[in-house]
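Residues per chain are reported as follows:
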Amino acid sequence: MTIVVFKEASEGGKIQMHFEELLKNNRDVFVEELLLEHFSNLIKFVKNRAAEDSSSGSKKPITVAEVEPLVKDFASRWKAAIELMHKDVITSFSNFLRGMDILRSALTQLLLYYTRLSDCIKKIAGGSALNKDLASINSIVFEIKKYSMTDFLGH
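Residues numbered from 1 in each chain as written. Predicted model: local features only at pLDDT ≥ 70, side-chain atom pairs only at ≥ 80, totals over all residues. Heavy atoms only, no water.

An unreviewed UniProt entry annotates the protein chain as Vacuolar protein sorting-associated protein 52 originating from Heracleum sosnowskyi.

Here you go:
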């Protein structure tokens, strides 16, 4: 709201930029918290183990047994979790367009986390055994587009 007032007054300058930066930072924090609420194990794994594995000094190789519960958990509930995130955003933001921007950011970030998990699985010996349980990247992208379109149309 503050940014809108500065824009309308055409006097924003540095103060407006400061508030825009605050908005961006708080949006990023909200997105990460929203994702952690629904996908904490996936995010923790990707941030810790997948990042560790990509560095040359990996201490302990990642195993199928370590990632299988993550893959199965994600596959069993990702669509329902996205619906819950949608409801959280709708009830948290009175500005519909801002809320939908935040939901798109969250879904895009989720896709990035899941892609990193998928890439990690491809490098694991025997990781192909999990292919049957992996949600396809295309199906996640389809859901993101579906939410973007329905939200734009006001459904």
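Next comes the rest of the account.
1. Here we look at helix α4 (residues 96-123)
With 28 residues, α4 ought to run about 40 Å at 1.5 Å a step, and its terminal C-alpha atoms sit 41 Å apart, in line with that. Put simply, N95 is the residue that caps the front of α4, since its side-chain oxygen is 3.1 Å from the backbone nitrogen of L97. (Helix = DSSP H or I, 4+ residues; strand = E, 2+ residues; numbered from the N terminus. Expected span 1.5 Å × (residues − 1). Polar contact = N/O pair within 3.5 Å; in protein donor to acceptor, adjacent residues only side chain to side chain.)

2. Re the environment of K72
On the secondary structure map, K72 appears in helix α3 (residues 64-92). Considered as a pair, K72 and A135 are 63 residues apart in the sequence and their alpha carbons are 9.2 Å apart.

3. Some points on the pattern of salt bridges
A complete count under the given rule lists ten salt bridges for this structure. The shortest N-O distance in the salt bridge between K72 and E68 comes to 3.3 Å. Note that K72 and E68 are positioned in helix α3 at a spacing of four residues, about one turn of the helix. Residue K72 is classed as partly exposed on the basis of its relative accessible area, which comes to 41%. Residue E68 is classed as partly exposed on the basis of its relative accessible area of 27%. (Salt bridge = Lys/Arg side-chain N within 4 Å of Asp/Glu carboxyl O. Buried < 20%, exposed > 50% of the residue type's maximum accessible area, 1.4 Å probe, protein only.)

4. Remarks on α3
Where α3 bends most, the angle comes to about 60°, and this point is R77. Residues V64, V67, L70, V71, F74, W78, A81, I82, M85, H86 and V89 constitute the buried set of α3. (Bend = angle between axes of the 7 residues up to and from the residue.)

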